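Residues per chain are reported as follows:
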Amino acid sequence: MHITLTNLTEAAAGQPDLTTRQVRGACPHDCPDTCSLLTTVENGIATRVQGNPDHPQTGGVLCNKVSRYTERTYHPERLLTPMKRTGPKGSGQFESVSWDAALSDIATRLQAIAARNPEAILPYSYAGTMGQVQGESMAGRFFNRLGASFLDRTICATAGSEGLTQTLGGKVGMRVEFFAQAKLIIIWGSNAIGSNLHFWRYAQQAKRDGAKLICIDPRKSETAEKCQEHIALLPGTDAALALALMHELIKHDWLDHDYIAQHTLGWDALRERALQWSPERAAQVCGVPVEQIRSLAYDYGQCFVNQQPAAIRLNYGMQRVRGGGNAARAVACLPALIGAWRQRAGGMLLSSSGLFPVDKAALQRPELLAGRSPRTINMSTLGDDLLRPSSPDFGPQVEALIVYNSNPVAVAPESGKVVQGFAREDLFTVVLEHFQTDTADYADYLLPATTQLEHWDVHSAYGHTDALLNRPAIAPLGQAKPNTQIFRELAARMGFNEPCFADDDETLCRAAYGDKIDFQQLLDQGFATLKLPDAPFANGGFPTPSGKCEFFSARVAAMGLDGLPDHVANYEVPGSSKEFPLAMISPPARNFLNSSFVNVKSLRDIEGEPVLEIHEQDAAARGIVSGSIVKVFNQRGEYRVKAQVSKRARPGVVNSLGIWWRKLGLDGTNVNQLTSQQLTDLGRGPVFYDCLVEVQAETPSNM
Ligand SMILES: Nc1nc2c(c(=O)[nH]1)N[C@H]1C(S)=C(S)[C@@H](COP(=O)(O)OP(=O)(O)OC[C@H]3O[C@@H](n4cnc5c(=O)[nH]c(N)nc54)[C@H](O)[C@@H]3O)O[C@H]1N2
Ligand SMILES: Nc1nc2c(c(=O)[nH]1)N[C@H]1C(S)=C(S)[C@@H](COP(=O)(O)OP(=O)(O)OC[C@H]3O[C@@H](n4cnc5c(=O)[nH]c(N)nc54)[C@H](O)[C@@H]3O)O[C@H]1N2
Ligand SMILES: [Mo]
């Protein structure tokens, strides 16, 4: 790689660093794998980022994206100075200004709004970095002290998390390494090869040792094609499938009666519910052959009969539909039925994040709220909420938006509305970023943030059970500052003089886990494995109110909802509309991470262009051939992509891959132009994969 920013890095460091060394860090990205990184630094420049071979979960292996991390870090378009808007909103025209000028003006503007009502200020952040410190630590303190609106951070996982929590008691489950010893692995709503590579290594090991792998996914993903079975159900029908599976377990008495009696709650009611879901009925709803459902139940039931470990790797792909919470609840009931939890290689894993002893209060200091309880705005309805006027129900109109670790103009649903909101001339927008993203184009001030190679952080994981420490490998590029430092300096300018605003990043790293994790071990080795039992629920002990696996949840019933899991049909049921006959899902592209990396040329070159996979039947009916530029549209909007007639798509469902930057797409929009702002049954999450569309050829082919 050719490095052009040598001078900038050395200037920032004060003096040339002529050593060669390796620095241990952590991958910051929103991915279950949270890898341990080794960065080679030569003369102050990061020349190589590798997976740490001493970290068992990483095993020295990195994904394609992060192995090219230096290309992203030293990208010629990195933001290196604060910038102030000069053109109209959204034009992306800026001039460089000093930090002093930018921060003083931002503080003045925020103070003026806060004097009227601090709830008119909204922070907007998600998982650009998953770090505890560069995430919500100093930022949380800042917004708590200000009394800004709270943000409900729902955009990814809250339906599944809530479903899991109401059933198992939290984001808890199997340890990922034990999947290697399972005899049956059901990969449910996950393209592990693309999004959970290190789990896939364990699944491969199990397969070599004779395990059967079954994938449940509307798309014949890279993962699905490597499993022995693939069940290509319609999006949003997973609960129906899970209930039919229970139906078969009951009919054949493949049930661990003892486990059910001792460690579950609500069995009689669930049994009655499941008996309403014959495989025939579910086959109809799911759009799959009835034999596939029977055979899945047989495989799962045989694990009980033969006392072999059966493990489910559920991922968040299946909860981005109206019934996502119920679907996660239904699947989470399955392991208890066959007593799969009795073995360490049995049970299920959706997320392990609830196992980490993060001290959020120490990081975010809720006492700074001083008794105030600001209103909460759901990040998944940002489009609507930016366009709402003040009202007694809503509270004050949003007058200022501070965006960090997120690219909402690209990733939030119904982007037509999001863009309209960001384009409001009376909205004051500050964006902390590495690059001039679609969101950054709308900023009044654009502030350069450091990357993971340039700052401290600590990380929990959601796919394994190790905490990691990230040390800075290089000095900040240009004038970039860590998020923490930007909020520290803003706090000072706002006159927030509580001592906690002076905490440095290493202090924040230590505060994240307090004495629950040995910080010295993090310093010495880069990671620390949580001390956990091998088979956490072998003898029950679920962290629910009853201590049992709650088939029936009194907490869900208390919300006025069905206390038992059921199939909740999509808002936009596949096949229900003549006008929009195709269901569209938009799962991750392997070489991007949400909208991150789309601007890294070598990765974009692999992905090519925005692509829509379509089944040959649906393509033929519309005169579409591979390579055609097609218009995909519904009542919310339209966008253009290149069609790929593909066996990866099932009839009736089109797959639009990845969250492209709008400005790098074919017509200045992306797939979220079409997605809706409806919310899930549990957890108030978005329904990206609950979306009907029609597709039209614009050019027959550009071949
Ligand atoms: N390379 C890469 N890795 C990533 C990401 C990325 O963008 N790129 N994103 C990261 C993020 S933010 C997250 S939250 C995690 C987890 O991210 P997930 O979104 O769970 O990612 P995938 O593993 O791709 O799983 C989604 C799979 O679910 C399938 N699916 C869609 N609808 C349904 C449905 O109704 N039912 C079922 N059963 N399956 C359905 C899709 O076809 C896809 O194969 O991965 C992370 N890892
Ligand atoms: N259609 C559709 N839409 C989706 C999804 C889908 O599957 N389909 N997936 C959804 C999911 S699961 C998620 S999690 C969301 C993801 O949404 P986001 O969390 O917004 O993720 P990214 O698009 O990766 O944007 C993160 C941004 O943070 C910036 N960043 C990274 N590190 C730092 C830092 O240290 N400081 C600052 N200031 N900035 C930093 C990056 O440069 C990047 O532009 O998107 C959702 N949107
Ligand atoms: Mo996500």
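So, a few notes on the structure that sits alongside this text. Here the structure is a predicted model, which is why all the values come from computation and not from measurement. The residue count restarts for each chain, going from 1 along the sequence in the order it is written. The lettering of chains begins at A and the numbering of ligands begins at 1, in the order of writing. Given that the model is predicted, a residue must reach a pLDDT of at least 70 before its local features are reported, and side-chain atom pairs must reach 80 or more before they are shown or counted; all residues, however, enter totals for whole chains, interfaces and linings. Calculation of side-chain values draws on the structure's entire complement of heavy atoms; hydrogens and water are dropped beforehand.

### Some points on the environment of Q673
(1) Moving on: Runs of E in the DSSP output that reach at least two residues are strands. Runs of H or I that reach at least four are helices, and both are numbered from the N terminus. By secondary structure assignment, the location of Q673 is in the loop between β26 (653-656) and β27 (692-697).
(2) Moving on: A simple rule labels every residue: compare its accessible area, found with a 1.4 Å probe on the protein chains alone, to the largest value its type can have, and call it buried under 20%, exposed over 50%, or partly exposed in between. Residue class for Q673 comes out buried when judged on its relative accessible area of 13%.
(3) Moving on: Considering only alpha carbons, one finds Q673 and V419, 254 residues apart in sequence, at a separation of 9.7 Å.
(4) Moving on: Residues contacting Q673, with those up to four places away along its chain left out, are S415, G416, R636, G637, E638 and R662. Residue contacts are counted whenever heavy atoms from the two residues lie within 4.5 Å of one another.

### Comments concerning the site of ligand 1
(1) Moving on: Near is defined per residue: the residue qualifies when any heavy atom it owns lies within 4 Å of the molecule or strand. Neighbouring ligand 1 are 34 residues, the closest being S195, D217, D238, R320 and F592.
(2) Moving on: One of the side-chain nitrogen or oxygen atoms of K65 is found 3.1 Å away from a nitrogen atom of ligand 1.
(3) Moving on: At a separation of 3.1 Å, a nitrogen atom of ligand 1 approaches a polar backbone atom of I216.
(4) Moving on: For the accessible areas, the method is Shrake-Rupley and the probe is 1.4 Å, while residue cover comes only from the protein chains on display. Burial of ligand 1 by the protein amounts to 98% of the accessible area it has alone, namely 900 Å².
(5) Moving on: The nonpolar class holds Ala, Val, Leu, Ile, Met, Phe, Trp, Tyr, Cys and Pro. Asp, Glu, Lys and Arg form the charged class, and all remaining residues, Gly among them, are polar. Residues belonging to the shell around ligand 1 are distributed by class as follows: 18 nonpolar, 9 polar and 7 charged.
(6) Moving on: Boundaries of every domain are those given by an automatic assignment or by a domain database. When we break the shell around ligand 1 down by domain, the ones giving at least three residues each are domain 1 (174-349 + 535-558) and domain 2 (582-699). The term polar contact refers here to a pair of N or O atoms within 3.5 Å; inside protein, the definition further demands a hydrogen-donor-capable atom paired with an acceptor-capable atom, and it admits residues adjacent in sequence only when both atoms are side-chain atoms.

### Overview of the pattern of salt bridges
Pairing between side chains of opposite charge can happen when their charged atoms approach one another.
(1) Moving on: The salt bridge criterion pairs a side-chain nitrogen of Lys or Arg with a carboxyl oxygen of Asp or Glu, the two atoms within 4 Å. According to the stated counting rule, one finds 41 salt bridges in the structure shown.
(2) Moving on: Where R78 meets E454, a salt bridge forms, and the shortest distance between an N and an O atom there is 3.0 Å. A residue pair is termed long-range when its members are at least 10 positions apart, and R78 in the loop between α3 (69-73) and β4 (83-85) and E454 in the loop between β17 (445-448) and β18 (457-459) qualify at 376 residues. The exposure classification of R78 matches that of E454, with both residues buried.
(3) Moving on: Residue D100 pairs with R493 through a salt bridge whose shortest N-O separation is 2.4 Å.

### Focus: unusual backbone geometry
(1) Moving on: For T34, which is not glycine, the phi torsion reads 30° and is therefore positive.
(2) Moving on: With respect to the secondary-structure elements, T34 resides in the loop between β1 (20-26) and β2 (36-42).
(3) Moving on: Taking the relative accessible area as the measure of exposure, T34 reaches 5% and is therefore buried.
(4) Moving on: Its identity as a non-glycine residue notwithstanding, Q307 has a phi of 50°, on the positive side.
(5) Moving on: Within the secondary structure, Q307 is located in the loop between α13 (290-305) and β12 (310-314).

Scope: geometric values only; no functional claims are made or implied.
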